[in-house]
Amino acid sequence: MNVRRHHISGLALAAVTALGIGTLSACSSDSAAAGNTDKFDVVASFYPMAFLAEQIGGSHVNVSSLTEPGQEPHDLEISARQRAQLEDSDAALYLKGLQPSVDEAIGQAGLDTKIDAATLTKLEDHGDVEHEHAGEHSEEEHSEEEGHALDPHVWLDPVKYAEIAKGVGAAFEKADPDHAADYKKNTDALVKKLDGLNTQFADGLKDTRTKVFFTNHAAFTYLAERYGLTQEAIAGVDPDSEPSPARIKELQKEAKADGVTTVFYETLVSDKTAKTLADDAGLKTDVLDPLEGITDKSKGDDYFQVMEANLKALQTALGAK
């Protein structure tokens, strides 16, 4: 496929980038493999965006990711090599507000097609949690800095993720009309599968002994809101932030009041704080994966397998009937 480099619409670029992450298992994340191929070259910011690219783009796209497997996305710092990778690609897709280094690099890149997946669905301000654990930034700073108060973890809500998928599919169709029929077919199939996942979660969590669950960081607010649950995060949206002693005591009391049985932690960050809280409060621990990357520790090989594992973990912790 002959693609006119850097002459694709902004919407198309966003779509392309979003799609790129899923191919991590199928293509190299090395920048040498990122651009100048005979396919549509997409740079994705991290796994959830790449998974979309793989699923929708199929054999017509060449996808690379700025975030390596096993790397914590929030901590990513873009290298000079990755900046060059962006310049050599046809499109870049990212999720503004999650990775400041990516936001800056894509903003500075000489690409005509740049798409923020956050524009394909509605992000919400879950600022109460974020500001409470904001670390070095004050609430005023967060409100003044665009994007900081918007929770970017939309891919953990299958409904919002499907909305992004539709936008990506439309952008692919526009960017590469020769393969539009394939992109539409792949998008429809992916959305149908996400609709099925949404039904699994809704049915599996509608009748539980408790609705409250504890997590290591506040990645699951959209998921909790979608299915009538309450997430209490030890830390804020930044998984590396440390909770205060007062926060730990507050969670211990809430665990008793709400019948919480489990403190969830994740695979890409330390489980020390979660296990300390669990030990002090007499609770169990388990993994609830925010799906920011797939590694050999993941309970599955792709988005759907890991989300189904998350559902089972929640059903057990919440006492699903």
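Up top you'll find the structure we're talking about.
Structural notes, computed from the coordinates. The model shown is predicted, which means the values in this text are computed figures rather than measured ones. (Residues numbered from 1 in each chain as written. Predicted model: local features only at pLDDT ≥ 70, side-chain atom pairs only at ≥ 80, totals over all residues. Heavy atoms only, no water.)

What follows covers the packing of helix H2 (residues 47–57) against helix H7 (residues 158–175). Packing of H2 against H7 brings their axes to within 10 Å, and their N-to-C directions diverge by 50 degrees. As the angle between them shows, H2 and H7 are arranged oblique. Crossing of H2 against H7: the hand is right-handed. Contacts between H2 and H7 involve Pro 48, Phe 51, Leu 52, Ile 56 and Gly 57 from the former and Tyr 161, Ile 164, Ala 165, Val 168, Gly 169 and Phe 172 from the latter. For the contact of H2 with H7, the class distribution of residues is nine nonpolar, two polar and no charged. (Axes fitted to C-alpha atoms, helices over the stretch in contact; angles between N-to-C directions. Helix = DSSP H or I, 4+ residues; strand = E, 2+ residues; numbered from the N terminus. Parallel < 35°, antiparallel > 145°, perpendicular 65-115°, else oblique. Left-handed = near helix turned anticlockwise from the far one by under 90°. Contact = heavy atoms within 4.5 Å. Nonpolar A, V, L, I, M, F, W, Y, C, P; charged D, E, K, R; others polar.)

Taken in spatial order, the four strands make up an open sheet running S2-S1-S3-S4, and their pairing is parallel. In this open sheet, the two edge strands, each paired with only one partner strand, are strand S2 (61–65) and strand S4 (114–116). Sheet twist, expressed as the mean angle between neighbouring strand axes with direction ignored, is 20 degrees. Bridging between strand S3 (residues 91–94) and S4 involves three bridges; their strand directions are parallel. Each residue of the ladder has a partner; that of Tyr 94, found in S4, is Asp 116. (Pairing = 2+ DSSP bridges.)

Attention now goes to the pairing of strand S5 (residues 212–215). Of the two faces of S5, the one lined by Val 212 and Phe 214 and the one lined by Phe 213 and Thr 215 are each fully buried. Each parallel crossover has a hand, and for S5 linked through helix H9 (residues 221–226) to strand S6 (residues 230–233) it is right-handed. Across two bridges, the pairing between S5 and strand S7 (residues 262–265) is parallel. Across the sheet, residue Phe 214 finds its bridge partner in S7, namely Val 263. (Buried < 20%, exposed > 50% of the residue type's maximum accessible area, 1.4 Å probe, protein only. Right-handed = clockwise from strand over helix to strand, strands pointing away.)

With that out of the way, let us pick up helix H12 (residues 303–318). For the α-helix, the turn length of 3.6 residues means that residues three or four positions removed from each other point alike. Taking 1.5 Å per residue, 16 residues should reach 22 Å; H12 reaches 22 Å between its end C-alpha atoms and fits that length. Considered for burial, the residues of H12 that qualify are Tyr 303, Phe 304, Val 306, Met 307, Ala 309, Asn 310, Leu 311, Ala 313, Leu 314, Ala 317 and Leu 318. By the N-cap criterion, in which a side-chain oxygen at the helix start approaches the backbone nitrogen of a residue two or three places on, H12 is capped by Asp 302, the distance to Phe 304 being 3.2 Å. (Expected span 1.5 Å × (residues − 1). Polar contact = N/O pair within 3.5 Å; in protein donor to acceptor, adjacent residues only side chain to side chain.)

One can find Ser 45 in the loop between strand S1 (40–44) and H2. A C-alpha to C-alpha distance of 8.5 Å links Ser 45 and Pro 73, two positions 28 residues apart in sequence.

As enumerated under the stated definition, the model contains ten aromatic pairs in all. A ring pair is formed by Phe 213 and Phe 264, whose centres lie 6.4 Å apart and whose planes are at 70 degrees; its orientation type is edge-to-face. Within this pair, whereas Phe 213 is found in strand S5, its partner Phe 264 is found in strand S7, the two being separated by 51 residues in sequence. You'll find Phe 213 and Phe 264 in the same group, each marked buried. With a centroid separation of 5.4 Å and 90 degrees between ring planes, the pair formed by Tyr 303 and Phe 304 is classed as edge-to-face. Phe 304 shares its class with Tyr 303; the two are buried. Three or more aromatic residues joined by ring pairs form one cluster here, namely Tyr 47, Phe 51, Tyr 161, Tyr 303 and Phe 304. Over the face of the ring belonging to Phe 304 we find Lys 193, whose NZ or CZ atom lies 4.5 Å from the ring centre. (Phe/Tyr/Trp six-rings, centres within 6.5 Å; stacked < 30°, edge-to-face > 60°. Lys NZ or Arg CZ within 6 Å of the ring centre and 35° of its normal.)

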